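# Report on the structure
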Amino acid sequence: MLSKGWQQLLKEISETPNYQSLMAFLDQRTAEGVTIYPPQDQWFRALELTPLESTRVVILGQDPYHQAGQAHGLSFSVLPGIQVPPSLRNIYKELSSDLGIAAPEHGFLEAWAEQGVLLLNAVLTVEDSNANAHQGKGWESVTDRIIQQVNEHSTGTVFILWGSYAQKKTSMIDQAKHLVIQSPHPSPLSAHRGFFGSQPFSKANSWLAEKGFSEINWELPVIGQADLFG
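Here is what the cut-offs are and how they apply
Residues numbered from 1 in each chain as written. Predicted model: local features only at pLDDT ≥ 70, side-chain atom pairs only at ≥ 80, totals over all residues. Heavy atoms only, no water. Core = buried A, V, L, I, M, F, W, Y, C linked by side-chain atoms within 4.5 Å. Buried < 20%, exposed > 50% of the residue type's maximum accessible area, 1.4 Å probe, protein only. Contact = heavy atoms within 4.5 Å. Pairing = 2+ DSSP bridges. Helix = DSSP H or I, 4+ residues; strand = E, 2+ residues; numbered from the N terminus. Axes fitted to C-alpha atoms, helices over the stretch in contact; angles between N-to-C directions. 1 Å grid on protein atoms, 1.4 Å probe; cavity = no way out; pocket = protein on both sides within 12 Å on 5 of 7 lines; lining within 4 Å. Points joined across faces, edges and corners; volume = space filled by probe spheres on them. Nonpolar A, V, L, I, M, F, W, Y, C, P; charged D, E, K, R; others polar. Parallel < 35°, antiparallel > 145°, perpendicular 65-115°, else oblique. Salt bridge = Lys/Arg side-chain N within 4 Å of Asp/Glu carboxyl O. Left-handed = near helix turned anticlockwise from the far one by under 90°.

### What to know about the nonpolar core
Formed by 69 residues in total, the largest nonpolar core has its most connected members in F44, V57, I59, W112, L118, W139 and W218. Not counting residues within four places of it along the chain, the set of residues in contact with I59 comprises S75, F76, V117, L118, L119, L120, I160, W162 and W218.

This is the structure we're talking about:
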């Protein structure tokens, strides 16, 4: 269920020609037999779990995972029972180095989202085994509006921007009101260029505490074996 803030925004977005063109494109690809991830009922899962009014951290990803069973609407997150992807493994390594939190055996990040961490991809759909297939099809203007809405209506949010793609959004953020944390992407291709040692989790919590907000508990709960592999 979307909060009122997100409901109003998506209503406005849905009436734009850009959004209608995007939906027509997705309908066409589905009719052509293309498998799209995540399922349609999870396209806005990040907004469902993190109300606008509760958003305290934004972690911006680029594109959903493009293999079966992985993507479920949250950036960097995979469903229980799915192998932890390489970028998320590196995020866990930095989390352990930064805060001493042991890496969980799963990649399911909903517990972060429920605390106010908006796990938003810039593009919300992808095609099976075809990374970046929906870039430039219209999602970017939708997710830019989401970022702008947080920028305008939040009284203080931490934006964690990993990699050059996410960092292009810096110009949309009022840094007099919000904190922007930037570093290289956690991908194995770039993590050793400055992602490791960047301490985004402790920096975010320190800033939130200074502003009088609740810190994020970055330690993810254990998921039972039946959930992981059932």
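### Brief notes about the sheet that holds strand β3 (residues 117-121)
Overall, parallel pairing links the four strands, which are arranged β3-β2-β5-β6 in an open sheet. The two strands at the open ends of the sheet, each matched to only one other strand, are β3 and β6 (179-183). Averaged over all pairs of adjacent strands, the angle between strand axes in this sheet comes to 20°, irrespective of strand direction.

### A word on the layout of surface pockets
Computed from the structure, the largest pocket encloses a volume of approximately 600 Å³. Along its surface, the largest pocket is lined by 26 residues, and Q62, D63, Y65, S87 and H185 are the ones closest to its centre. Take the lining of the largest pocket: its biggest share by element is four residues, from helix α7 (residues 163-167). The residue makeup of the lining of the largest pocket, split by class, is twelve nonpolar, 13 polar and one charged.

### Points about empty space enclosed by the protein
One pass over the structure, following the stated rule, counts two cavities of 30 Å³ or more. Together, P38, P64, Y65, A71, H72, G73, L74, F76, S77, N121 and L124 line the largest cavity. Class assignment of the residues belonging to the lining of the largest cavity gives a composition of seven nonpolar, four polar and no charged. Of the volumes computed, that of the second largest cavity is approximately 40 Å³. In this structure, the second largest cavity is lined by W43, F44, A46, L47, G73, L119, L120, N121 and L124. Sorting the residues of the lining of the second largest cavity by element identifies α3 (45-49) and β3 as the ones contributing at least two each. The leading source of residues in the lining of the second largest cavity is β3, at three residues. Looking at side-chain class alone, the lining of the second largest cavity contains seven nonpolar, two polar and no charged residues.

### Here's the deal with the packing of helix α4 (residues 86-99) against helix α8 (residues 200-210)
Running from N to C, α4 and α8 cross one another at 55°; their axes reach a closest spacing of 8 Å. By the criterion of interaxial angle, the relationship of α4 to α8 is oblique. Residues I91, E94, L95, D98 and L99 of α4 form the contact with α8, whose participating residues are P200, F201 and S202. Partitioning the contact of α4 with α8 into residue classes produces five nonpolar, one polar and two charged.

### Brief notes about the environment of L119
Among the structural elements, L119 can be located in strand β3. Look at L119 and you get buried, because its relative accessible area is 1%. Residues L119 and I59, spaced 60 residues apart in sequence, show a C-alpha to C-alpha distance of 5.1 Å. Contacts of L119, omitting those with residues within four sequence positions, involve A46, I59, G73, L74, S75, L109, W112 and A113.

### A word on the pattern of salt bridges
Under the criterion given, the structure shown has seven salt bridges. Note that E127 is salt-bridged to R29, the shortest N-O span being 2.8 Å. Here R29 lies in helix α2 (residues 17-31) and E127 lies in strand β4 (residues 126-127), a separation of 98 residues in the sequence. Using a relative accessible area of 7% as the deciding quantity, one classes E127 as buried. For R29, a relative accessible area of 22% puts it in the partly exposed group. Between K169 and D144 there is a salt bridge, and its shortest N-O distance comes to 2.7 Å. Of the two residues, K169 is situated in the loop between α7 and β6 and D144 in helix α6 (residues 139-153); the sequence distance between them amounts to 25 residues. Salt bridges sharing partners connect three or more residues here, namely R29, E32 and E127.

### Looking at the packing of α2 against α6
Contact pair α2 / α6: the axes reach a minimum separation of 9 Å and the direction vectors enclose 130°. By the angle between their directions, the pair α2 and α6 is classed as oblique. The chirality of how α2 crosses α6 is left-handed. From α2, N18, Y19, L22, M23 and L26 reach across to α6, where they touch W139, S141 and V142. Residues of the contact of α2 with α6, tallied by class, amount to six nonpolar, two polar and no charged.

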